[in-house]
Amino acid sequence: MRRIAVRSSRIHGRGVFTLRPIVAGELIIEYAGQVISAKEAQRRFERSVAEDGHTFFFGLDGGRVIDGAHGGNSARWINHSCRPNAEAEEAGSRVFIRALRDIPVGAEIFIDYSLEVEGRRTAALKAAYACRCNARHCRGTMLAPR
């Protein structure tokens with residue numbers, strides 16, 4: 001039986017939702033895609049015509065990136081929340097999404113993106129990475145806390 005489905009999200013665009021209960025600690029899905037260098041990811045980002053520079057990049061240790069737009073799966077649609085119910089675990093060049101707590105049927109799956117950017121966090125940069133999660137203690141951004 002399928003555990004997840006991609007549907008419209010109230011947070012942003014599409015999201016990933018449970019089709020059956022997920023228990024805390026359960027592996028939900030692997031974040032699949034083409035593993036590329038950070039330099040190649042930057043090239044693809046600059047050539048992207050996606051809305052607001054939206055990409056399906058997942059940064060790995062060592063400067064590599066998984067590009068979920070190339071060979072990716074449903075995991076690329078997991079949205080950000082400042083109060084996530086799942087987390088990403090890196091194992092070499094692979095990333096697995098695992099439940100942090102029990103997730104009921106029909107709930108959207110969220111991870112905390114904790115995005116890292118170089119340079120000063122300008123108002124424009126903060127606006128580009130604004131959070132829409134509406135969590136009680138939302139930090140207002142998908143950027144990692146300083």
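Residues numbered from 1 in each chain as written. Predicted model: local features only at pLDDT ≥ 70, side-chain atom pairs only at ≥ 80, totals over all residues. Heavy atoms only, no water.

Comments concerning the packing of aromatic side chains
Two measures describe an aromatic ring pair: the distance that separates the ring centres and the angle between the ring planes.
Okay, step 1: Taken as a whole, this structure holds two aromatic pairs when the rule is applied.
Okay, step 2: Judged by centre distance (5.1 Å) and plane angle (50°), the ring pair of Tyr31 and Phe58 falls under tilted. Taken together, the positions of Tyr31 in strand β3 (residues 27-31) and Phe58 in strand β5 (residues 57-59) put the pair 27 residues apart, joining distant regions of the chain. Taken as a pair, Tyr31 and Phe58 share a single burial class, namely buried. (Phe/Tyr/Trp six-rings, centres within 6.5 Å; stacked < 30°, edge-to-face > 60°. Helix = DSSP H or I, 4+ residues; strand = E, 2+ residues; numbered from the N terminus. Buried < 20%, exposed > 50% of the residue type's maximum accessible area, 1.4 Å probe, protein only.)

A closer look at the side chain of Glu108
Okay, step 1: Locating Glu108 in the fold gives a position in the loop between β9 (94-99) and β10 (110-111).
Okay, step 2: As a buried residue without a salt bridge, Glu108 has its nearest oppositely charged side chain in Arg10, at a separation of 5.8 Å.
Okay, step 3: A polar contact of 2.9 Å, which involves the side chain of Glu108, links it to the side chain of Ser9.
Okay, step 4: For Glu108, the contacting residues outside a window of four places in its chain are Ser9, Ile11, Gly15, Val16, Phe17, Asn79 and Asn85. (Lys, Arg positive; Asp, Glu negative; His and termini not counted. Salt bridge = Lys/Arg side-chain N within 4 Å of Asp/Glu carboxyl O. Polar contact = N/O pair within 3.5 Å; in protein donor to acceptor, adjacent residues only side chain to side chain. Contact = heavy atoms within 4.5 Å.)

Some details on the sheet that holds strand β4 (residues 34-37)
Okay, step 1: An order of β4-β6-β5 is seen for the three strands of this open sheet, with the pairing classed as antiparallel. Every other strand in the sheet has two partners, leaving β4 and β5 as the edge strands with one partner each. Going from strand to strand, the sheet's axes swing by 35° on average, the running direction of each strand aside.
Okay, step 2: The pairing of β5 with strand β6 (residues 64-67) spans three bridges and is antiparallel. Residue pairing in the sheet places Phe57 in a bridge with Asp67 of β6. (Pairing = 2+ DSSP bridges. Axes fitted to C-alpha atoms, helices over the stretch in contact; angles between N-to-C directions.)

So, unusual backbone geometry
Okay, step 1: Its identity as a non-glycine residue notwithstanding, Ser114 has a phi of 45°, on the positive side.
Okay, step 2: The residue Ser114 is located in the loop between β10 and α2 (123-128) in this model.
Okay, step 3: Judged by relative accessible area, Ser114 falls into the partly exposed class, the value being 30%.
Okay, step 4: At Asn134, a residue that is not glycine, the phi angle is positive and equals roughly 60°.
Okay, step 5: Tracing the backbone shows Asn134 in the segment after α2.
Okay, step 6: Here Asn134 falls in the exposed class, since its relative accessible area comes to 65%.

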